[in-house]
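If you want the building blocks of each chain, they are given just below.
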Amino acid sequence: MEKYCPQELEKKWQEQWDKDGIYTTINNVPGQKKYYVLEMFPYPSGNLHMGHVRNYSIGDVIARFKRMQGFNVLHPMGFDAFGMPAENAAIKHNVKPADWTYANMDNMIRQQKQMGLSYDWNRLVQTCHPDYYRWTQYLFEVFYKKGLAYKKKATANWCDSCKTVLANEQVIEGRCWRCDSPVIKKDLAQWFLKITDYADTLLKDLDKLPGWPNRVKTMQHNWIGRSEGAEIIFNIPNFKENVTVYTTRPDTAFGITYMVLAAEHPLVDKLIKGRPDEAQIRDFIKRVHNQSEIERTSDKSEKEGMFTGAYAINPFNGAKIPIWIANYVLFEYGTGAVMGVPTHDSRDWMFAGKYGLDKKIVITDKEGKLTLDAMTDAYVDDGVLVNSGEFSGMNNRKAIPAMIDWLEKNKCGKRRINYRLRDWLISRQRYWGAPIPVIYCEKCGTVLVPEKDLPVRLPKDVKFDPGVVSPLAHSESFVNCTCPKCGGPAKRETDTMDTFICSSWYYMRYADAKNDKAPFDKDIVDSWLPVDQYIGGIEHAILHLLYSRFFTKVLKDAGLINFDEPFTNLLTQGMVIKDGSKMSKSLGNVVSPEEIIGKYGADTARLFILFAAPPERDLEWSDQGVEGAWRFLNRVWRIILHFAEEIKENKTTDVSLLTAKEKELRRVLHLTIQKVTDDIAARSNFNTAISSIMELVNAFYTSRDEHLQAGLINETATDLLLLLAPFSPHITEELWHKLGKTGSIHKAAWPKCDHSATVADEIEIVVQVNGKVRDKLKISSQTSRDDLKKQASELPHIKELTNGKNIIKIICVPQKLVNIVIK
């Protein structure tokens, strides 16, 4: 028998598929329903890893399955090609970022083709190509014209040694990745998108996504962080100023004993000016300012503060409360000021205890016996208000709207909805990104680059030297330009866009990837979008997925598209781990996909990675598992070739002439068709689908020495190959043609389950006595409940066990079991 040699046949079929263009997708095919399946596109790091293999294999199974079901399938691929690593490589290896990036993309495309992935490569998207970032810039201008893009001062990471701004990724344990100097914070004018304008819509429309994992929706819900509460205005009489605090707990307002301002709050400078300890406070502010947001807000970090010497007035009771500065309050959240209620907030309790601040109980337990002396921590449960003026005696939750009404009536506060979500900072002081299409003119101000002049191309005369704030800023050919309004001298914006901008609309470009008149044709993108199945890692749950939803809603409002959610169904696959840890070069536990493909073939690599675990769970790498997948495919190879001559006769099954054993084989076949179809279509349970196919192969092997009907052999072998085709496309294509079948197996129709064949003529029933299995009984599948009870009771062993006993009842579960309960 001819030996299975995957390296030869896989290369042969990859070239043939490419030549025949069998995965080229045509828009709007009459009579065909569309299906858009998409895996998150990769950064071109240079080599695929096993996480990529898992991600792409999942998408490819779905794409191939849907094609065989008769859908017009869009299954594209591209690269999220801008970003910092290319710039790092330019510095380290003295190469151009473009050269490094395109070489990596070429290599990864080669590796993806090695895997036999059914992509329409005619729709390739590379976000660093001018034909793509031209439209990224165009969409920025759409946002700007809608009032959703603006520039303001914001805090950035700054290395004073290199004299440069660093992205968060470039700060390693508080130090510059280049020179290891301490990183400080610096205020710079930067561009933002007003995602907060869409906060309510983004939150509300999570209900439109039943096909998303609840975990992802919860993460987005929490990130948006909508809360209802009140703004309370506190007067600072000695300074003739007011400070506003946002709180969800106005019911605790009578318990306020201090107030805390963020170190960055604009009032701080005025409050501390001229104080004896001004220099000490300013040193503290500088230190806090340079702490990371994570460090400042972590529960594990020490809460530090300093008294400003100023006091505010609590509008509810006229109490004079000290104003502090502390490291745990951020100016970007809420109003940059919080009220301190030590008795009813654990963080405030700790802070007040550390600095000897007053504590006052305003909510008590049901018994009303709560005392400060007995308290060891804040009382955070609900209860009854005490020491709260006219609100005393009320349930604290019911008091909240009443106290907000009081604030509004007395003009010292109002109802407010607040969000944790902040506007999206998109400025990057990097070269390798999409330039922001803005020009600054002394006469005309901020001017958009005219659409006809897009793209604003990246220049080639740049240097990547330390000390350069942005490489673009030192390219005179780029910076100096003419104002499109007045024709006078002007300067270009030298920041580039966050790469998340590029990935927030790429899935739309795939629908019309060659369009040179617009980002996409509206009718074409509306015919394909939203994406029916999106696949990627859980780590993208918030940023990429939230930004993509935001982009989609803005583009709909701008009239460019007709849908308002980008992805109907979302599958978040788990990681590939080895030796208990995620595969990582630093840990030395990486397995190269090319090594596995070189030794066993792509079909084995795909089959193992799909079989080893459900897609949403982490997958533990197993060399033995890979060997097992390899042995299984060899088994398929042998059983198909064993029956090759009978299959070539292409006869159909004569059901009326099937023997009992043949009926059972056909029953297993059609149960497998039903199971695999449901597992792929409804549950994405590829591991159990493969397990069912393996059971079918076992049943086929068991029957190989029987004189099986030629029609049944043809039916079983044909459907087996069709079921396996999405998982292992090369071996199934080879065997398909060895059997004399015409056309590609991947263009063939998905097998249909004959439900009448799944009903067994004879079934085995478990017989229990008092819940313990005591015997088994083979009966006709049509046996009535009464006959089943009778036959079970008359089994010799059962009669022996029940003889002389009182039979209380006989429980019958048709086609499964009989349980005789005795006393």
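Bear in mind that the values here come from a model prediction, so they are computed numbers and not experimental data.

Here is what the cut-offs are and how they apply
Residues numbered from 1 in each chain as written. Predicted model: local features only at pLDDT ≥ 70, side-chain atom pairs only at ≥ 80, totals over all residues. Heavy atoms only, no water. Helix = DSSP H or I, 4+ residues; strand = E, 2+ residues; numbered from the N terminus. Buried < 20%, exposed > 50% of the residue type's maximum accessible area, 1.4 Å probe, protein only. Areas by Shrake-Rupley, 256 points an atom, 1.4 Å probe, with all protein chains shown as cover. Lys, Arg positive; Asp, Glu negative; His and termini not counted. Charge placed at Lys NZ, Arg CZ, Asp CG, Glu CD. 1 Å grid on protein atoms, 1.4 Å probe; cavity = no way out; pocket = protein on both sides within 12 Å on 5 of 7 lines; lining within 4 Å. Points joined across faces, edges and corners; volume = space filled by probe spheres on them. Nonpolar A, V, L, I, M, F, W, Y, C, P; charged D, E, K, R; others polar. Pairing = 2+ DSSP bridges. Salt bridge = Lys/Arg side-chain N within 4 Å of Asp/Glu carboxyl O. Expected span 1.5 Å × (residues − 1). Contact = heavy atoms within 4.5 Å. Domains from an automatic or database assignment. Axes fitted to C-alpha atoms, helices over the stretch in contact; angles between N-to-C directions. Parallel < 35°, antiparallel > 145°, perpendicular 65-115°, else oblique. Left-handed = near helix turned anticlockwise from the far one by under 90°. Phe/Tyr/Trp six-rings, centres within 6.5 Å; stacked < 30°, edge-to-face > 60°. UniProt positions renumbered as here; feature names shortened; annotations may be inferred.

### Comments concerning the overall build of the chain
Scanning the chain for helices and strands turns up 27 helices and 34 strands. Seen through its principal axes, the chain has C-alpha atoms that stretch 105 × 85 × 50 Å. Within the chain, the fraction of its 823 residues that count as buried is 54%. Split by element, the accessible area of the chain, about 37,400 Å² in all, is 49% carbon and sulfur. The distance from the centre of the 110 positive side-chain charges to the centre of the 104 negative ones in the chain is 2 Å.

### Thoughts on the layout of surface pockets
Its boundaries defined by the atoms lining it, the second largest pocket holds a volume of some 920 Å³. Considering the residues around the second largest pocket, the lining is formed by 31 residues, among which Tyr246, Thr248, Tyr333, Val338 and Arg347 are closest to the centre. For the lining of the second largest pocket, the secondary-structure elements that each account for two or more residues are strand 11 (241-247), helix 10 (293-297), strand 15 (337-340) and helix 11 (346-355). Each residue belonging to the lining of the second largest pocket can be placed in one class, and the counts come to 10 nonpolar, 12 polar and nine charged.

### What about the sheet that holds strand 29 (residues 581-582)?
Taken together, the three strands give an open sheet; going across it, the order is 29-28-30, and neighbouring strands pair in mixed fashion. Strands at the two margins of the open sheet, each flanked by one partner only, are strand 29 and strand 30 (619-620). Summarising the sheet, strand 28 (residues 576-578) and strand 29 pair through two bridges and their orientation is antiparallel. Within strand 29, the position partnered with lysine 578 by the bridge is serine 581.

### Details of the pattern of salt bridges
This structure, assessed with the given rule, holds 44 salt bridges. Salt-bridge contacts for lysine 208 lead to aspartate 205; the nearest nitrogen and oxygen are separated by 3.6 Å. On the basis of relative accessibility, which here comes to 3%, the residue aspartate 205 falls in the buried class. Between lysine 517 and aspartate 516 there is a salt bridge, and its shortest N-O distance comes to 3.1 Å. One connected set of salt bridges, linked through shared partners, spans Lys204, Asp205, Lys208, Arg549, Lys553, Asp564 and Glu565.

### Quick look at helix 2 (residues 50-68)
A rise of 1.5 Å per residue sets the reference length of helix 2, with its 19 residues, at 27 Å; its end C-alpha atoms lie 27 Å apart and thus fit the reference within 8%. Judged by how many residues are buried, helix 2 sits mostly within the fold: 18 of 19 residues are covered. Of the residues flanking the end of helix 2, it is glycine 70, one or two places downstream, whose phi is positive at about 100°.

### Here we look at the side chain of glutamine 137
Looking at the element boundaries, glutamine 137 is found in helix 5 (residues 130-145). Once you skip the residues sitting within four places of it in the chain, glutamine 137 turns out to touch Ala434, Pro435, Pro437, Leu454, Pro455, Val456 and Met497.

### Some words on the domain arrangement of the chain
Looking at the chain, the domain boundaries give domain 1 (226-419), domain 2 (617-757) and domain 3 (762-822). Between domain 2 and domain 3, the C-alpha centre-to-centre distance is 36 Å.

### Structural notes on the packing of helix 24 (residues 710-724) against helix 25 (residues 729-738)
Between helix 24 and helix 25, whose axes approach to 9 Å, the crossing angle comes to 155°. For the element pair helix 24 / helix 25, the angle class is roughly antiparallel. As helix 24 packs across helix 25, the resulting crossing turns out to be left-handed. Across from Thr718, Leu721, Leu722 and Leu724 in helix 24, the residues of helix 25 making contact are Thr732, Leu735 and Trp736. When its residues are assigned to classes, the contact of helix 24 with helix 25 shows five nonpolar, two polar and no charged.

### Concerning the sheet that holds strand 24 (residues 489-492)
Reading across the sheet, the four strands line up as 22-21-24-23 and stay open at both edges, with antiparallel pairing between neighbours. Each end of this open sheet is capped by a strand with a single partner; those strands are strand 22 (445-448) and strand 23 (480-482). Each adjacent strand pair in this sheet contributes to an overall mean axis angle of 40°, direction not counted. The sheet contact formed by strand 23 and strand 24 spans three bridges and is antiparallel. Looking across to strand 24, one finds that threonine 482 is bridged to proline 489. Contacts from helix 5 reach strand 21 (438-441) and strand 22 within the one sheet, and its direction differs from that of strand 22 by about 130°.

### Focus on the packing of aromatic side chains
The full count for this structure, using the stated rule, is 43 aromatic pairs. Relative to tyrosine 119, the ring of tyrosine 56 has its centre 6.5 Å away and its plane inclined at 80°; by these criteria the two rings are edge-to-face. Taken together, the positions of tyrosine 56 in helix 2 and tyrosine 119 in the loop between helix 4 (97-114) and strand 4 (125-126) put the pair 63 residues apart, joining distant regions of the chain. When sorted by exposure, tyrosine 56 lands in the same class as tyrosine 119, which is buried. A centroid spacing of 3.6 Å and a plane angle of 5° characterise the contact between tryptophan 424 and tyrosine 547, whose relative ring orientation is stacked.

### With respect to the packing of helix 20 (residues 623-642) against helix 23 (residues 686-702)
Remark: helix 20 packs on helix 23, axes separated minimally by 11 Å, with the N-to-C direction vectors making an angle of 40°. In terms of orientation, helix 20 and helix 23 fall into the oblique class. The crossing of helix 20 and helix 23 is left-handed. Of the residues in helix 23, those touching helix 20 at Phe632, Arg635, Val636, Arg638 and Ile639 are Ile693, Met694, Val697, Asn698, Phe700 and Tyr701. Here the contact of helix 20 with helix 23 is built from residues that sort into eight nonpolar, one polar and two charged.

### A short note on the UniProt feature "binding site: ATP" (unreviewed entry) in the chain
Per the UniProt record, the feature "binding site: ATP" (unreviewed entry) sits at Lys585. Looking at lysine 585, the relative accessible area reads 77%, which means it is exposed.

### Examining the pairing of strand 12 (residues 258-262)
Burial analysis of strand 12 places five of its five residues in the buried class, the great majority of the element. Burial along strand 12 is two-sided: Tyr258, Val260 and Ala262 and Met259 and Leu261, pointing in opposite directions, are all buried. Direction of pairing for strand 12 relative to strand 15: antiparallel, over a ladder of four bridges. Residue pairing for strand 15: methionine 259 is matched across the bridge by methionine 339.

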